[in-house]
Amino acid sequence: MTYTKRYMSPVGVILLAADDAGLTGLWFEGSKYFAAELPKAHIEQDTPVLLETIQWLDVYFAGKEPDFTPPLHLIGSDFRQAVWNILLSIPYGRTMTYGQIAKQLAKNTGIDKMSAQAVGGAVGHNPISIIVPCHRVVGTNGSLTGYAGGLDKKIALLKLEKPTPQDFSARKGVRRCNTPLH
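Within each chain, residues carry numbers counting from 1 in the order of the written sequence. A pLDDT threshold of at least 70 governs which residues receive local features in this predicted model, and a stricter bar of 80 or more applies before side-chain atom pairs are shown or counted, although totals over entire chains, interfaces and linings include all residues. Think of the side-chain values as coming from all heavy atoms in the structure, minus any hydrogens and water.

1. Quick look at the overall build of the chain
Moving on, step 1. Helix and strand assignments come from DSSP, with helices taken as H or I runs of at least 4 residues and strands as E runs of at least 2, each series counted from the N terminus. In terms of helices and strands, the chain carries five helices and seven strands.
Moving on, step 2. Reading the chain from its N end, one meets helices and strands in the order β-β-β-β-α-α-β-α-α-β-α-β.
Moving on, step 3. A total of 182 residues make up the chain; the buried ones form 47% of that total.
Moving on, step 4. Pairs at least 24 apart in sequence give 57% of the contacts found in the chain among residues at least 6 apart. Each residue gets one of three labels from its accessible area relative to the maximum for its type: buried under 20%, exposed over 50%, partly exposed in between, using a 1.4 Å probe on protein chains only. Residues are treated as being in contact if the distance between any of their heavy atoms lies within 4.5 Å.

Structure, rendered in structure tokens:
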């Protein structure tokens, strides 16, 4: 069974979904793929996973980095799962480009090249926004390209994380966001 709960965030209403294994969805109302994977049969009800997710969101929206992660139950193809796992490795207040993710994925799978566009498709279909931080993915030049929740929300989330000046770190594959956020 899938359980849902609405969360009133500073950047809009969020729908949470979870099953017995973990959080399955976190979508901004009105987002591009809003509740795309939500089963028709679901119940609006508090569960331990949903309550833990609300605690995580409360800490996050207070401008702090949560020191815990609610149980996640990411459902998707092996390719999407691999991309989402890389997203989970992007540190709070930092960004990665689609190209950097593609290079890391190619390296992880032992192939020469991976399409940044294919990565973009997987990033865009991330069912657990914010916690699986797709908002931390930017274009090659640091541009704020695409976000299923809307660019206004992406900017608000990056501002909340107080990104610092750019730091191109080839070893880590991540950088601080240098995009003007006003």
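2. Some details on the pairing of strand S5 (residues 94-97)
Moving on, step 1. Every second residue of S5 is oriented toward a common face, with Arg-94 and Met-96 on one face and Thr-95 and Thr-97 on the other, all of them buried.
Moving on, step 2. As paired elements, S5 and strand S6 (residues 137-138) share two bridges and run parallel to each other. Among the inter-strand pairings, Thr-97 is bridged to a residue of S6, identified as Val-138. Think of it this way: DSSP has to see at least two bridges between two strands before they count as a pair.

3. Some remarks on helix H1 (residues 48-61)
Moving on, step 1. Between the first and last residue of a helix there are one fewer steps than residues, each counted as 1.5 Å, and that sum is the expected span. Taking 1.5 Å of rise per residue, 14 residues should cover 20 Å, and H1 covers 20 Å from first to last C-alpha, within 8% of that figure.
Moving on, step 2. Every buried residue belonging to H1 is among Val-49, Leu-50, Thr-53, Ile-54, Trp-56, Leu-57, Tyr-60 and Phe-61, and all of these are buried. Considered in projection along H1, the buried side chains sweep an arc of 160 degrees and stay on one side of the axis.
Moving on, step 3. Where H1 is buried, its residues meet strand S1 (2-9), strand S2 (12-18), strand S3 (23-28) and helix H5 (151-160). To be clear, the arc concerns the directions from the helix axis to the C-beta atoms.

4. Quick notes on the environment of Gly-120
Moving on, step 1. Along the polypeptide, Gly-120 turns up in helix H4 (residues 116-124).
Moving on, step 2. When its relative accessible area of 23% is taken as the criterion, Gly-120 is described as partly exposed.
Moving on, step 3. Distance from Gly-120 to Val-83, taken between C-alpha atoms, is 9.2 Å for residues 37 residues apart in sequence.

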